[in-house]
Amino acid sequence: KEYFAKRNDPEGLELLLGRVLAGSPPQAPGLGTLRLARAELLAGKLRRYDEAEREVRQVLAETPGSVPALLALGELHLSRDNPALAQVEYHSVLERDPFRADAYRGLRRVFTAKGEQERARLASQVLVALGAATVPEQQLAQGLAATLTAANAPLGVDAYGRLLAPRDDFPAGRVLLGALS
């Protein structure tokens, strides 16, 4: 990977990964990781989103519920300017691992893209609580803390419910939060 990065040759790396994947037995260990690396390259530098999605879906077909694959699919949906589908993938990750910082970070980006600043702040506050927030996420979470009436009020159940479900589907957020608890 470093060799191709130094040469600024993403096409060469994609070709190499494609050949390795084509020549590997179907159940070879690490095959899913290679597919996800290829998908990241296809979607990122080469902007070949359909091929990237096929790779991610192949990983999901081989290992249903794979958290790294669901995260990659969420990122892919965000890069294709489809935050609603990305939100579904990040929620799927949180159903499997409710403390996965990457999923909350993805949700923050989804809510920002959708113009839902309060929910983006809530996701940032969760990242702060997990100890995984970047400086901009900390600042966004502090903006939320400044709007709270109590100085050190924790994020309540209702706020987590709003984070997990839109306002018009608030009962679903409560159900999901109960399942995560």
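These numbers were taken from a predicted model, which means no experiment stands behind them.

**A look at the overall build of the protein**
Counting secondary structure elements, the protein contains 11 helices and 0 strands. Along the chain direction, N to C, the helices and strands of the protein fall in the order α-α-α-α-α-α-α-α-α-α-α. A buried classification covers 40% of the 181 residues belonging to the protein. Summing over all exposed atoms, the protein offers an accessible surface of approximately 10,200 Å²; the carbon and sulfur share of this is 54%.

**A look at the environment of Glu 14**
Along the chain, the position of Glu 14 falls in helix 2 (residues 10-23). Each C-alpha atom of the pair Glu 14 and Leu 42 lies 7.3 Å from the other, and the pair is 28 residues apart in sequence. When near neighbours in sequence (up to four residues on either side) are disregarded, Glu 14 contacts Arg 38, Leu 41, Leu 42, Leu 46 and Arg 48.

**Some words on the pattern of salt bridges**
According to the stated counting rule, one finds 14 salt bridges in the structure shown. One salt bridge connects Lys 114 with Glu 116, and the closest N-O pair in it is separated by 3.9 Å. Of the residues examined, Glu 116 reaches a relative accessible area of 23% and is grouped as partly exposed. Through salt bridges with shared partners, a single ionic network connects Arg 100, Asp 102, Arg 105, Arg 108 and Glu 137.

**Things to note about the nonpolar core**
For soluble globular proteins, nonpolar side chains are generally found buried alongside one another. Of all hydrophobic cores here, the largest spans 32 residues; its most connected members are Val 56 and Tyr 90. If you list the elements that add at least two residues to this core, you get helix 3 (31-44), helix 4 (49-62), helix 5 (67-79), helix 6 (83-96), helix 7 (101-113) and helix 8 (117-130). Examining the composition of this core, we find that 7 residues originate from one element, helix 5, more than from any other. Among all residues touching Tyr 90, those that are not within four sequence positions of it are Leu 71, Gly 74, Glu 75, Leu 78, Asp 102, Ala 103, Gly 106, Leu 107, Arg 109 and Val 110.

**Some points on the packing of helix 6 against helix 7**
The angle between the axes and the distance between the axes are what describe a pair of packed helices. For the pair helix 6 and helix 7, the least separation of the axes is 9 Å and the interaxial angle reads 155°. Of the possible angle classes, the one that applies to helix 6 and helix 7 is roughly antiparallel. Our pair here, helix 6 against helix 7, has a crossing hand that is left-handed. In contact with Pro 83, Ala 86, Gln 87, Tyr 90, His 91, Val 93 and Leu 94 of helix 6, helix 7 contributes Asp 102, Ala 103, Tyr 104, Gly 106, Leu 107, Arg 109, Val 110, Phe 111 and Ala 113. Here the residues of the contact of helix 6 with helix 7 are counted per class, giving 11 nonpolar, 3 polar and 2 charged.

**Examining the confidence of the model for the protein**
Summarising the model, the protein shows a mean pLDDT of 80, and 71% of its residues fall at 70 or more. Counted against residues more than four places away or in other chains, residues 149-153, with its pLDDT under 50, gives 1 contact.

**A closer look at helix 6**
Its 14 residues place the ends of helix 6 20 Å apart at the C-alpha level, agreeing with the 20 Å of an ideal helix rising 1.5 Å per residue. Along helix 6, the positions that sit buried rather than exposed are Pro 83, Ala 86, Gln 87, Glu 89, Tyr 90, His 91, Ser 92, Val 93 and Leu 94.

**Some words on the packing of helix 4 against helix 5**
Two numbers describe how helix 4 lies on helix 5: the axes approach to 9 Å, and their chain directions differ by 160°. The angle between the axes of helix 4 and helix 5 places the two elements in the roughly antiparallel class. Relative to helix 5, the crossing made by helix 4 is left-handed. For the pair formed by helix 4 and helix 5, the contact residues are Tyr 49, Ala 52, Glu 53, Val 56, Arg 57, Val 59 and Leu 60 on the first element and Ala 69, Leu 70, Ala 72, Leu 73, Leu 76, His 77 and Ser 79 on the second. A per-class count over the contact of helix 4 with helix 5 returns 10 nonpolar, 2 polar and 2 charged.

**Quick notes on helix 3**
Along its 14 residues, helix 3 runs 20 Å from first to last C-alpha, staying within 8% of the 20 Å computed at 1.5 Å per residue. Looking only at helix 3, the buried set comprises Leu 31, Arg 35, Leu 36, Arg 38, Ala 39, Leu 41, Leu 42 and Ala 43.

Procedures and definitions
- Residues numbered from 1 in each chain as written.
- Predicted model: local features only at pLDDT ≥ 70, side-chain atom pairs only at ≥ 80, totals over all residues.
- Heavy atoms only, no water.
- Helix = DSSP H or I, 4+ residues; strand = E, 2+ residues; numbered from the N terminus.
- Buried < 20%, exposed > 50% of the residue type's maximum accessible area, 1.4 Å probe, protein only.
- Areas by Shrake-Rupley, 256 points an atom, 1.4 Å probe, with all protein chains shown as cover.
- Contact = heavy atoms within 4.5 Å.
- Salt bridge = Lys/Arg side-chain N within 4 Å of Asp/Glu carboxyl O.
- Core = buried A, V, L, I, M, F, W, Y, C linked by side-chain atoms within 4.5 Å.
- Axes fitted to C-alpha atoms, helices over the stretch in contact; angles between N-to-C directions.
- Parallel < 35°, antiparallel > 145°, perpendicular 65-115°, else oblique.
- Left-handed = near helix turned anticlockwise from the far one by under 90°.
- Nonpolar A, V, L, I, M, F, W, Y, C, P; charged D, E, K, R; others polar.
- pLDDT = per-residue confidence, 0-100.
- Expected span 1.5 Å × (residues − 1).

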